[in-house]
Amino acid sequence: MSEQAANKGGLEGVVVADVTTSLVDGVNGKLIYSGYDIEDLAANALFEEVVFLLWHVRLPNAQELEELRAKIASEASVPPQIIDMLKALPKDANPMAVLRTAVSALAHYDPDSENLTDKAVAQEKAARLTGQITTISAAWDRLRKGEEPIAPKAEYNLAQNFVYMLSGEEPDKTAVDAVNAYLVLLAEHGMNASTFCSRVVTATGSDMHSAVVGAIATLKGPSHGGANAEAMRMFLEIGEVENVEPWFKTNIKEGNRRIMGIGHRVYKATDPRAAILRDRSKALAESSGNSKWFEIADKLAELARADEYFIERKLYPNVDYYSAIMLYTLKLDVDMFVPLFAMSRIAGWSANIIDQMAGRLIRPKANYIGPKDLKWEPADQR
Ligand code: ACO
């Protein structure tokens, strides 16, 4: 049996780096960022504190936190050429495709984009990208609705700026708290597919913008970050709580569809982020006066939890399942859920990219299973 067949493909269980950023304990359903439990961080941390933690393997003091917050906010603007480029794109473009294009273009205007070796310069670039990804995401949401983009405010934190740049209004505290908690929860997660991609690009000696473009492209897929939007589309398709059981029977038990937002390569217990997001989405839904989508999601999760197929395969809600409800309750457009994921995960990507700058080329091997010993024949004789 080939090594590929032996590990079921998909590099399952293969270790590719020593990291200080996060520990994903899939057996016990625990997640730690640089020593701190995710529950503790989700309840207390500002996203910028988590960014500092991932970059420096320690929490910032008050002055360091304010410096980083101010740096991210003051450098979050994007050059006018990027806004002009966004205006030229088709209004129905996928926001993740737009983000991918815009981050690629940003490299042309970043004075340090081709500085490939200096770690301090890399952190400056990462701080810029952290703010700019949020600015681009909010700008795109406005532009496609025929509205002018709004520039970020230097006195805001990232969650405040996102809410402000979407609406142009003073950011509402409930929305800011929910967005901040989401940003904290999604910031980093072991050797997930997009982080791995960013490391592969970096390991060739290529630049940070290229690595982030690769990561955005990878996150876009419905098996990874794209699952939060797909989960919400599934809840909308179900439509009413009384439809959950017949939908489950037709589409999952008798059909061949997957429940989006359920299952994980590493977690064979409850994803701790899903537990936190369940509580938050429930509270938010109740305070908004519309619990229907939460109830649909919860009922579907309950059916899966009691079903032999899901029990045998240890399939539980992942981070994308209840976050879809939370973001929908905040009235975010469904296709904007994935850029919000990128706005958060840039923290983990950049920490991994900076770490990988000192690392070795990532170059696995392939197991050849094609034909051998064939003899060349000219085209007119084949
Ligand atoms: N619904 C129904 N069955 C499922 C689901 C699901 N959501 N997920 C996995 N399965 C089944 C598979 O059909 C397979 O069954 P089999 O053994 O009979 O063939 C078994 O569980 C294992 O599935 P794999 O695809 O081999 O598991 P893998 O670790 O490669 O995939 C993944 C993990 C992609 C997350 C998968 O569970 C899935 O597609 N989930 C839905 C999409 C999703 O939520 N993605 C977000 C993941 S979290 C993140 O990236 C942020």
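Note that the structure is a prediction, hence the values are computed from the model and not measured. (Residues numbered from 1 in each chain as written. Predicted model: local features only at pLDDT ≥ 70, side-chain atom pairs only at ≥ 80, totals over all residues. Heavy atoms only, no water.)

### What about the site of the ligand?
Heads up, the condition is: When at least one non-hydrogen atom of a residue lies within 4 Å of a molecule or strand, that residue is treated as near it. In protein, a polar contact means a hydrogen-donor-capable atom and an acceptor-capable atom, both N or O and within 3.5 Å, with residues adjacent in sequence counting only if both atoms are side-chain atoms; elsewhere, any N or O pair within 3.5 Å suffices. Computed by Shrake-Rupley with a 1.4 Å probe, the accessible areas treat only the displayed protein chains as cover when residues are assessed.
Around the ligand, a shell composed of 20 residues is seen, among which His224, Arg258, Ile259, Ile262 and Arg265 lie nearest. Backbone polar atom of serine 223 to a nitrogen atom of the ligand: 3.1 Å apart, as the coordinates give it. One of the backbone N or O atoms of glycine 261 is found 2.9 Å from an oxygen atom in the ligand. The fraction of the free accessible surface of the ligand (920 Å²) that becomes covered by protein chains is 72%.

### Topic: the domain arrangement of the chain
Heads up, the rule is: Residue ranges assigned to each domain were obtained from an automatic or database domain assignment. What makes two residues a contact is simply this: any of their non-hydrogen atoms within 4.5 Å. Take a side-chain nitrogen of Lys or Arg and a carboxyl oxygen of Asp or Glu: if they are within 4 Å of each other, that pair is a salt bridge. Only DSSP runs of H or I reaching four residues or more are called helices, and only runs of E reaching two or more are called strands; each is numbered from the N terminus. Ten residue types, Ala, Val, Leu, Ile, Met, Phe, Trp, Tyr, Cys and Pro, are classed as nonpolar, four, Asp, Glu, Lys and Arg, as charged, and the remainder, Gly among them, as polar.
In terms of domain boundaries, the chain breaks down into domain 1 (22-207 + 346-356) and domain 2 (227-329). Listed per partner, the contact involves 19 residues of domain 1 and 17 residues of domain 2. The interface formed by domain 1 and domain 2 holds 0 salt bridges in total. Breaking the side of domain 1 that touches domain 2 down by element, the ones donating at least two residues are strand E1 (22-25), strand E2 (30-33), helix H2 (38-44) and helix H9 (173-186). Take the side of domain 1 that touches domain 2: its biggest share by element is 7 residues, from H9. For the side of domain 1 that touches domain 2, the class distribution of residues is 10 nonpolar, 5 polar and 4 charged.

### Some remarks on the packing of aromatic side chains
Pairs of aromatic rings are described using the distance from one ring centre to the other and the angle between the two planes. Our working rule: A pair of aromatic rings is counted whenever rings of Phe, Tyr or Trp (Trp by its six-membered ring) have centres within 6.5 Å, and the orientation is called stacked for planes under 30 degrees apart, edge-to-face for over 60 and tilted otherwise. Burial classification: accessible surface area is computed with a 1.4 Å probe over protein chains only, and a residue below 20% of its type maximum counts as buried, one above 50% as exposed, and the rest as partly exposed. Both a distance and an angle decide whether a charge sits over a ring: NZ of Lys or CZ of Arg must be within 6 Å of the ring centre and within 35 degrees of the ring normal.
All chains considered together, the criterion is met by 7 aromatic pairs. Measuring from ring centre to ring centre gives 5.4 Å for tyrosine 309 and phenylalanine 310, while their planes differ by 70°; the resulting arrangement is edge-to-face. A relative accessible area of 40% places tyrosine 309 in the partly exposed class. We classify phenylalanine 310 as buried; its relative accessible area is 5%. Through pairs of rings, three or more aromatic residues link up here, namely Phe235, Phe294, Tyr321 and Tyr322. In this structure, lysine 153 packs its charged tip against the face of tyrosine 164, placed 4.9 Å from the ring centre. Looking at arginine 382, its charged tip hangs above the ring of tryptophan 376, at a distance of 4.5 Å from the centre.

### So, the packing of helix H8 (residues 158-167) against H9
Note the cut-off: Here, axes are lines fitted to C-alpha atoms. For helices the fit covers the stretch in contact, and angles between N-to-C directions go from 0 to 180 degrees. Orientation is classified from the angle alone, with under 35 degrees giving roughly parallel, over 145 giving roughly antiparallel, 65 to 115 giving roughly perpendicular, and any other angle giving oblique. In a left-handed crossing the near helix is turned counterclockwise from the far helix by less than a right angle, and in a right-handed crossing that turn is clockwise.
Interhelical geometry of H8 versus H9 gives an angle of 125° and a closest axis separation of 8 Å. In terms of orientation, H8 and H9 fall into the oblique class. Note on packing geometry: the crossing formed by H8 with H9 is right-handed. Only Ala175, Val176, Val179, Asn180 and Leu183 of H9 make contact with H8, whose side of the interface consists of Leu158, Ala159, Gln160, Phe162 and Val163. Here the residues of the contact of H8 with H9 sort into 8 nonpolar, 2 polar and no charged.

### Details of the nonpolar core
Counted only if it meets this: To define a nonpolar core, start from buried Ala, Val, Leu, Ile, Met, Phe, Trp, Tyr and Cys residues and group those joined through side-chain atoms within 4.5 Å.
If you look at the biggest cluster of nonpolar residues, it comprises 113 residues, and the most contacted ones within it are Val212, Phe235, Ile259, Leu300 and Tyr321. Looking at this core, the element that brings in the most residues is helix H18 (residues 337-356), giving 12 residues. Mapped onto the domain boundaries, this core takes at least three residues apiece from domain 1 (22-207 + 346-356) and domain 2 (227-329). Excluding anything up to four places from it in sequence, leucine 300 contacts Met234, Phe235, Ile238, Val244, Trp247, Phe248, Ile259 and Tyr321.

### Focus on the layout of surface pockets
In plain terms, the rule: Definitions used throughout: a 1 Å grid over protein atoms alone; a cavity as a set of points that fits a 1.4 Å probe which cannot get out; a pocket as an open set with protein on both sides within 12 Å along at least five of seven lines; a lining residue as one with an atom within 4 Å of a point. Grid points are joined across faces, edges and corners, and a volume is the space filled by probe spheres set on the points.
Taken as a whole, the largest pocket encloses approximately 1900 Å³ of empty space. Of all the secondary-structure elements, those providing two or more residues to the lining of the largest pocket are E1, helix H10 (193-203), helix H13 (244-253), helix H16 (308-312), helix H17 (319-329) and H18. Broken down by element, the lining of the largest pocket gets its largest block of residues, 3 residues, from E1. A per-class count over the lining of the largest pocket returns 23 nonpolar, 14 polar and 11 charged. Residues lining the lining of the largest pocket come from more than one domain, with at least three contributed by each of domain 1 (22-207 + 346-356) and domain 2 (227-329).

### Description of unusual backbone geometry
Only a minority of non-glycine residues have a phi that is not negative, and only a minority of peptide bonds are not trans. Backbone geometry places lysine 331, a non-glycine residue, at a positive phi of 70°. Position of lysine 331 among the secondary structure elements: in the loop between H17 and H18. The class for lysine 331 is exposed, based on a relative accessible area of 74%. We note that aspartate 373 has phi near 60°; this positive angle belongs to a residue other than glycine. Taking the relative accessible area as the measure of exposure, aspartate 373 reaches 71% and is therefore exposed.

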